[in-house]
Amino acid sequence: MIDLHSHILPGVDDGAADMEESAAILKFMQQKGLKKIAATPHYPLYKEKDYKKMIGEKLGQLREKAKSENIDIEILSGSEILIEKKLPWLLNDNKLLTINNTDYLLLETHPILLPDYFPEIIHDIQAMGFKIIIAHPERYNFIQKDPTLLYDWVELYDLKLMLNSSSIFGLHGKRAQNTAEKLLDIGLCHLMSSDTHGIDKRPFTLAKGLNKAEKIRKGSKKIFKANAKAVLANDKVESFEIKEKRNSIFEKIFSFII
Ligand SMILES: [Fe+2]
C-alpha cells in the first residue's frame with residue numbers, strides 16, 4: 001500500500017505537531033500495512049522563505065527518526081500546492097516539489113470558489129510537462145454543487161482526481177461523503193490517499209478506505225493501488241470505465257444533496 005498525500009512532517013503545517021506525533025503516525029501506518037508514503041506539506045507556508053530547503057531538512061530528520069524506531073516505511077518527498085496565478089513562474093524557477101521528483105504535481109484549490117484563471121494556469125503548467133493531480137475534489141463546495149465540472153477536468157483538461165479516504169467515512173461532512181461515494185461509483189476518480197494530519201486529528205484511514213471503496217466500486221482497490229505505484233514511477237495512471245456520461249443520471253443523483 002502506498003499513500004501519496006499526507007501531512008506527517010513534524011511542525012511544518014497543520015499536520016503532525018512534532019517528531020513524536022510524526023513517529024506515532026508512521027507506526028500506526030506500518031501496523032496497517034503501509035509501505036511507502038509521500039509527505040505532502042502545504043504550499044505556501046507563509047513565513048517560509050526557502051520552502052524546498054526546509055522541507056528537505058524535515059524529510060531527512062523524519063527518515064532518521066523512522067530508522068531509529070525501526071519503522072520500515074519509505075518516506076518520499078512531495079507537496080500539496082494551492083493553485084495560484086504565479087505557479088508557472090514558481091515551477092519555472094524550480095521552487096516547488098512534485099511527488100517523488102516525478103512530473104506529477106499535487107494541487108488543491110480554494111474550497112468555495114474556483115478561481116477564474118484555473119483553466120489558464122492548468123494549461124500553462126501542463127505545457128511545461130507537468131501532470132496534475134487534484135486533491136480531494138469531493139471536498140470543494142463548487143464541485144458538490146456541480147460535480148459535472150469534473151467531466152471537463154478529466155476529459156478536457158486531463159486532470160487526475162485523488163479522493164480522500166477520510167471522505168468516504170464522513171470526516172469532511174455528509175456532502176463530501178456523498179460526493180466521494182458517487183464519484184467512486186461512477187468511476188470519475190483515479191487515486192485514493194489518506195491526507196493524514198495527525199494521530200487523532202484526521203488520522204490514517206487509507207487501509208480501511210481501500211476496503212470500503214472496493215465495496216462501492218468493484219475493482220477500485222486494485223486500480224488505486226496500481227495508480228499510486230504508477231505515479232511514483234512517473235508512469236501513466238489508468239482510468240475507471242465511467243458508468244454515467246455527462247448530462248445523464250449523474251446530475252440527478254447529485255441534485256438531492258444541493
Ligand atoms: Fe492535504
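Residues numbered from 1 in each chain as written. Predicted model: local features only at pLDDT ≥ 70, side-chain atom pairs only at ≥ 80, totals over all residues. Heavy atoms only, no water.

1. Things to note about the overall build of the chain
Thinking step 1. Of the regular secondary structure elements, the chain holds ten helices and nine strands.
Thinking step 2. For 258 residues, the compact-globule estimate of 2.2 N^0.38 gives 18 Å, and the C-alpha radius of gyration of the chain, at 17 Å, lies within 12% of that figure.
Thinking step 3. Along the longest, intermediate and shortest principal axes, the C-alpha atoms of the chain span 55 × 40 × 30 Å.
Thinking step 4. In the chain, which comprises 258 residues, the proportion classed as buried is 55%.
Thinking step 5. Contacts in the chain between residues far apart in sequence, at least 24 positions, make up 76% of those at least 6 positions apart.
Thinking step 6. Computed over 38 positive and 36 negative side-chain charges, the inter-centroid distance for the chain is 4 Å. (Helix = DSSP H or I, 4+ residues; strand = E, 2+ residues; numbered from the N terminus. Rg over C-alpha atoms; globule rule 2.2 N^0.38 Å. Buried < 20%, exposed > 50% of the residue type's maximum accessible area, 1.4 Å probe, protein only. Contact = heavy atoms within 4.5 Å. Lys, Arg positive; Asp, Glu negative; His and termini not counted. Charge placed at Lys NZ, Arg CZ, Asp CG, Glu CD.)

2. Overview of the sheet that holds strand E4 (residues 74-76)
Thinking step 1. One open sheet holds the three strands; their spatial order is E1-E2-E4, and the pairing between them is parallel. Bordering the open sheet on either side are strand E1 (2-3) and E4, each of which pairs with just one other strand.
Thinking step 2. Taken together, the three bridges between strand E2 (residues 36-38) and E4 define a ladder with parallel strand orientation. Among the inter-strand pairings, isoleucine 37 is bridged to a residue of E4, identified as isoleucine 75. (Pairing = 2+ DSSP bridges.)

3. Concerning the coordination of the iron ion
Thinking step 1. Protein coordination at the iron ion comes from His5 (NE2), His7 (NE2), Glu80 (OE) and Asp195 (OD), with a distance range of 2.0 to 2.3 Å.
Thinking step 2. Between the four donor atoms coordinating the iron ion, the angles at the centre fall across 80 to 170°, so the site counts as irregular.
Thinking step 3. Site description for the iron ion: donor spacing in sequence, H-x1-H-x72-E-x114-D. Taken together, the residues histidine 5 in the loop between E1 and helix H1 (19-31) and glutamate 80 in strand E5 (residues 80-82) connect sequence positions 75 residues apart.
Thinking step 4. On the basis of relative accessible area, glutamate 80 is assigned to the buried category, the value being 1%. (Donors = N, O, S within 2.8 Å, 3.2 Å for Na, K, Ca; no water. Tetrahedral: all angles 85-135°; square planar, octahedral: opposite > 155°, others 65-115°.)

4. Notes on the packing of helix H7 (residues 174-186) against helix H8 (residues 206-216)
Thinking step 1. At their nearest, the axes of H7 and H8 sit 9 Å apart, and the two run at 60° to each other. Judged by the angle between their axes, H7 and H8 are oblique. Where H7 crosses over H8, the two elements pack in a sense that is right-handed. Together, Gln177, Glu181, Leu184 and Asp185 of H7 and Lys212, Ala213 and Ile216 of H8 make up the contact between the two elements.
Thinking step 2. Across the contact of H7 with H8, the residue classes break down as three nonpolar, one polar and three charged. (Axes fitted to C-alpha atoms, helices over the stretch in contact; angles between N-to-C directions. Parallel < 35°, antiparallel > 145°, perpendicular 65-115°, else oblique. Left-handed = near helix turned anticlockwise from the far one by under 90°. Nonpolar A, V, L, I, M, F, W, Y, C, P; charged D, E, K, R; others polar.)

5. Here we look at the nonpolar core
Thinking step 1. In terms of nonpolar packing, the biggest core is built from 67 residues, with Leu26, Leu107 and Ile134 touching the most fellow members.
Thinking step 2. With six residues, helix H2 (residues 51-68) is the largest single contributor of residues to this core.
Thinking step 3. Those residues in contact with isoleucine 134 that lie beyond four places of it in its chain are Ile83, Leu107, Phe118, Tyr140, Trp153, Leu159, Lys160, Leu161 and Met162. (Core = buried A, V, L, I, M, F, W, Y, C linked by side-chain atoms within 4.5 Å.)

6. Some points on the pairing of strand E8 (residues 160-164)
Thinking step 1. Among the five residues of E8, five are classified as buried, and the element is accordingly described as predominantly covered.
Thinking step 2. Going residue by residue along E8, you find Lys160, Met162 and Asn164 tucked away on one face and Leu161 and Leu163 tucked away on the opposite face as well.
Thinking step 3. In terms of strand pairing, strand E7 (residues 131-135) meets E8 through three bridges, oriented parallel. Directly across from alanine 135, in E8, lies its bridge partner methionine 162.
Thinking step 4. In this structure, E8 lies alongside strand E9 (residues 191-193), joined through three bridges in parallel fashion. Bridge pairing links leucine 163 to methionine 192 in E9.

What is shown is where atoms sit, not what they do.
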